[in-house]
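Take a look at the letters that make up each chain.
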Amino acid sequence: MTDPEAPNITPLAQIRARIAQAASIARRPASEITLVAVSKTRPAEAILPLIAGGQRVFGENRVQEADAKWPPLQDAHPDLQLHLVGQLQSNKAEEAVRRFDCIHSLDRPSLLGALARAMDKVGRQVPLFVQVNIGAEDQKGGCAIADLPALLTEARAAALPVIGLMCVPPAGIEPAPFFALLGKLAADQGLADLSMGMSEDFETAIMLGATHVRVGSALFGART
Ligand SMILES: *Cc1c(COP(=O)(O)O)cnc(C)c1O
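Taken together, the neighbourhood of the ligand is formed by Val38, Lys40, Val85, Met166, Met198, Ser199, Arg214, Val215, Gly216, Ser217 and Arg223. In the environment of the ligand, an oxygen atom lies 2.7 Å from a nitrogen or oxygen atom belonging to the side chain of Lys40. The separation between an oxygen atom of the ligand and a polar main-chain atom of Ser217 is 2.8 Å. In isolation the ligand exposes 390 Å². Once the protein is present, 88% of that is buried. At a threshold of 2 Å from the grid points, most atoms of the ligand map onto the largest pocket.

Counted by the stated rule, this structure contains 0 disulfides. Summary of cysteine pairing: Cys167 is not part of a disulfide, and the nearest cysteine sulfur, belonging to Cys143, is at 12 Å.

Right, let's get into the environment of Arg214. Relative to the helices and strands, Arg214 is located in strand β8 (residues 212-215). Residues Arg214 and Leu148, 66 residues apart in the sequence, show an inter-C-alpha distance of 22 Å. Once residues within four sequence positions are removed from consideration, Arg214 is found in contact with Val36, Val38, Val85, His104, Met166, Cys167, Val168, Ser195, Met196, Gly197, Met198 and Ser199. Side-chain polar atoms of Arg214 contact the side chain of Ser195, separated by 2.9 Å.

If the charged atoms of two oppositely charged side chains come close together, the side chains can form a pair. Evaluation of the coordinates by the stated rule reveals 12 salt bridges. Among the ionic pairs, Glu94 bridges to Lys121, the shortest N-O distance being 3.0 Å. Here Lys121 lies in helix α5 (residues 110-122) and Glu94 lies in helix α4 (residues 93-99), a separation of 27 residues in the sequence. Assessed through its relative accessible area of 27%, Glu94 is described here as partly exposed.

Below, the discussion takes up the side chain of Lys69. Relative to the helices and strands, Lys69 resides in helix α3 (residues 63-76). For Lys69, a relative accessible area of 13% translates into the label buried. At 2.8 Å, the side chain of Lys69 forms a polar contact with the side chain of Glu60. Other than its neighbours up to four places away in sequence, Lys69 contacts Ser39, Lys40, Thr41, Arg42, Ile47 and Glu60.

Here helix α2 (residues 44-52) has its buried residues at Ile47, Leu50 and Ile51. For α2, the arc enclosing every buried residue in end-on projection is 100 degrees, short of the 170-degree limit, so these residues lie on one face. Within α2, the exposed residues directed more than 90 degrees away from the buried face are Glu45 and Ala52. Check the buried side of α2 and you find it contacts α1 (11-25), β1 (34-38), β2 (57-60), α3 and α9 (217-220).

Moving on, we come to a nonpolar patch on the surface. A cluster of nonpolar side chains, namely Ile25, Met207 and Leu208, defines an oily patch on the protein surface of about 270 Å² accessible area. The topology assignment puts Met207 in helix α8 (residues 202-207).

Another point: the nonpolar core. Judged by nonpolar contacts, the single largest core of 63 residues is most densely connected at Phe58, Ile103, Leu115, Val130, Leu165, Val213 and Leu219. At 7 residues, the largest contribution of residues to this core is made by α5. Contacts of Leu115, omitting those with residues within four sequence positions, involve Leu88, Ala93, Val97, Ile103, Leu106, Leu128 and Leu160.

Of the two faces of strand β5 (residues 128-131), the one holding Leu128 and Val130 and the one holding Phe129 and Gln131 are both buried throughout. Of the pairings in the sheet, the one linking strand β4 (residues 102-106) to β5 comprises 2 bridges and is parallel in character. The residue of β5 that forms the bridge with Ile103 is Leu128. Bridge analysis of β5 against strand β6 (residues 162-166) gives 4 bridges, and the strand direction is parallel. Paired with Phe129 across the bridge in β6 is Gly164. For the crossover that starts at β5, traverses helix α6 (residues 148-157) and ends in the parallel β6, the hand is right-handed.

Criteria and cut-off values
- Residues numbered from 1 in each chain as written.
- Predicted model: local features only at pLDDT ≥ 70, side-chain atom pairs only at ≥ 80, totals over all residues.
- Heavy atoms only, no water.
- Near = heavy atom within 4 Å.
- Polar contact = N/O pair within 3.5 Å; in protein donor to acceptor, adjacent residues only side chain to side chain.
- Areas by Shrake-Rupley, 256 points an atom, 1.4 Å probe, with all protein chains shown as cover.
- 1 Å grid on protein atoms, 1.4 Å probe; cavity = no way out; pocket = protein on both sides within 12 Å on 5 of 7 lines; lining within 4 Å.
- Sits in = over half its atoms within 2 Å of the grid points.
- Disulfide = S-S within 2.5 Å.
- Helix = DSSP H or I, 4+ residues; strand = E, 2+ residues; numbered from the N terminus.
- Contact = heavy atoms within 4.5 Å.
- Salt bridge = Lys/Arg side-chain N within 4 Å of Asp/Glu carboxyl O.
- Buried < 20%, exposed > 50% of the residue type's maximum accessible area, 1.4 Å probe, protein only.
- Arc of directions from axis to C-beta.
- Patch = residues over 30% accessible without salt bridge, like charges linked within 9 Å, V, L, I, M, F, W, Y side chains within 5 Å.
- Core = buried A, V, L, I, M, F, W, Y, C linked by side-chain atoms within 4.5 Å.
- Pairing = 2+ DSSP bridges.
- Right-handed = clockwise from strand over helix to strand, strands pointing away.

In structure tokens:
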């Protein structure tokens with residue numbers, strides 16, 4: 001097996017090796033785990049080497065930034081997938097449905113109608129994650145745990161394609177209990193996908209069932 005700390009391999013190869021290792025420890029096929037390379041704030045020149053390395057799934061947190069940056073990259077590589085990992089405003093729902101292949105940030109009832117109308121109009125079903133405010137933090141986005149069942153019921157009534165749950169656990173404390181809780185909430189709701197784990201904690205997230213890990217700085221370097 002490749003030594004994940006080997007200095008002469010690229011960050012992308014290192015992250016792939018670490019994902020494979022975590023999956024193997026968890027006795028899960030690595031193919032179950034999608035690496036979302038979070039490229040927010042990064043220019044195209046920083047993204048191209050990852051595309052050349054075979055990475056196909058990227059994450060952005062702002063619709064406007066994605067609209068400005070991605071059309072030429074998507075034209076050159078029609079198999080790229082773009083995921084929205086940041087908060088969505090209702091008035092950007094249509095742009096988001098046109099630009100993104102997956103949205104990780106459905107977090108409130110007022111977005112349901114906007115997304116349903118946008119998907120109808122654009123003629124495209126975009127898979128959705130419901131973002132959960134897993135640490136009940138005042139300043140954090142995401143649906144409160146208590147509001148999750150009602151939000152999912154409404155999303156199903158609107159025929160929206162919700163595939164799983166997403167979270168960003170509180171900073172500075174052990175994330176494992178929050179990942180485990182998100183997994184339990186998803187299982188209770190019969191949802192198969194879990195978007196959890198970032199640069200600092202994606203291996204822990206994989207042990208606890210993550211299907212999508214969102215990795216930025218470990219691939220691109222620290223954000224300034
Ligand atoms: C920026 C961001 C990430 C990536 O964070 P890193 O710590 O750089 O890996 C993941 N998820 C969301 C929602 C983000 O905003």
